[in-house]
Amino acid sequence: MTSGRAFTGSPYEAQFGFARAVRVGNRILVAGTGPVEDDGSSTEGGAAAQAERCFTLALQAIEQLGGSVKDVVRTRMLLTDPADQDAVGAVHARFFGDVRPAATMAGVAWLCRPEWKVEIEVEAIIQS
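From a predicted model like this one, the values you see are computed outputs, not experimental measurements.

## Thoughts on the side chain of Glu-119
Thought 1: Summarising the element assignment, Glu-119 is placed in strand β6 (residues 118-125).
Thought 2: The buried charged residue Glu-119 lacks any salt bridge partner; its closest oppositely charged side chain belongs to Arg-20, at an N-O distance of 6.5 Å.
Thought 3: Once you skip the residues sitting within four places of it in the chain, Glu-119 turns out to touch Gly-32, Thr-33, Gly-34, Arg-76, Met-77, Leu-78 and Leu-111.

What follows is the structure, given as structure tokens:
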């Protein structure tokens, strides 16, 4: 069985004691991923720019664990403002339009940082 953990350097990984992604067998689970830049700052811009960063980080973690975008089977997009659904959905379509995973978009009251507009979870199953 293949297993492992991936980290992106987010300050929350150490502070809250979690891995960005965990692989067990052929399944990769990516934790809620906020729009965090390499220096620990939040991604500037609107929900679309933040979603772009979240999906990029999530896919990097999947790739670290031997998967790829074609292995993604589920995404969850958490938004603080329902008015952002079309912008975030368009970014989702750019990343996953050919893959077409099961997807959920839901509204939440708050995220870890007040400037965050979106947080994203991704799951992948590697087909051998």
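Now that the structure is up, let's keep going.
## Thoughts on the pattern of salt bridges
Thought 1: Considering all chains together, one arrives at eight salt bridges under this definition.
Thought 2: Here Glu-13 ties to Arg-20 by a salt bridge, and the two come within 3.3 Å at their closest N and O atoms.
Thought 3: Accessibility expressed as a relative area gives 6% for Glu-13, which makes it buried.
Thought 4: For Arg-20, a relative accessible area of 4% translates into the label buried.
Thought 5: Ionic pairing is found between Glu-37 and Arg-53, a salt bridge with its closest N-O pair at 3.8 Å. You can see Glu-37 sitting in the loop between β3 (27-33) and α2 (47-64) and its partner Arg-53 sitting in helix α2, a full 16 residues away along the chain.
Thought 6: Judged by its relative accessible area of 15%, Arg-53 is buried.
Thought 7: Within the structure, one salt-bridge network assembled from shared partners comprises Arg-27, Arg-76, Glu-121 and Glu-123.

## Some remarks on the sheet that holds β3
Working definition: the strands of a sheet are paired by backbone hydrogen bonds and lie parallel or antiparallel to each other.
Thought 1: Spatially, β1-β2-β3-β6-β4-β5 is the arrangement adopted by the six strands of the open sheet, whose pairing is mixed. Sheet topology places β1 (3-6) and β5 (102-107) at the edges, where each strand pairs with a single neighbour. Direction aside, neighbouring strands of the sheet carry axes that sit 10 degrees apart on average.
Thought 2: Relative to β6, β3 runs antiparallel, the two sharing five bridges.

## Describing the pairing of β3
Both faces of the sheet carry side chains from a regular strand, because those side chains alternate between them.
Thought 1: Here strand β2 (residues 21-24) runs beside β3; their pairing, made up of four bridges, is antiparallel. Paired with Arg-23 across the strands is Ile-28, a residue of β3.
Thought 2: Linking β2 to β3, which pair antiparallel, is a turn of two residues; within it Gly-25 sits at a positive phi near 65 degrees.

## Thoughts on the environment of Ala-47
Thought 1: Looking at where Ala-47 falls in the secondary structure, it is placed in helix α2.
Thought 2: Expressed as a C-alpha distance, the spacing of Ala-47 and Asp-84, which sit 37 residues apart in the sequence, is 6.2 Å.
Thought 3: Ignoring sequence-local partners within four residues, the contact set of Ala-47 consists of Asp-84, Val-88, Lys-117 and Val-118.

Here is what the cut-offs are and how they apply
Residues numbered from 1 in each chain as written. Predicted model: local features only at pLDDT ≥ 70, side-chain atom pairs only at ≥ 80, totals over all residues. Heavy atoms only, no water. Helix = DSSP H or I, 4+ residues; strand = E, 2+ residues; numbered from the N terminus. Buried < 20%, exposed > 50% of the residue type's maximum accessible area, 1.4 Å probe, protein only. Lys, Arg positive; Asp, Glu negative; His and termini not counted. Salt bridge = Lys/Arg side-chain N within 4 Å of Asp/Glu carboxyl O. Contact = heavy atoms within 4.5 Å. Pairing = 2+ DSSP bridges. Axes fitted to C-alpha atoms, helices over the stretch in contact; angles between N-to-C directions.

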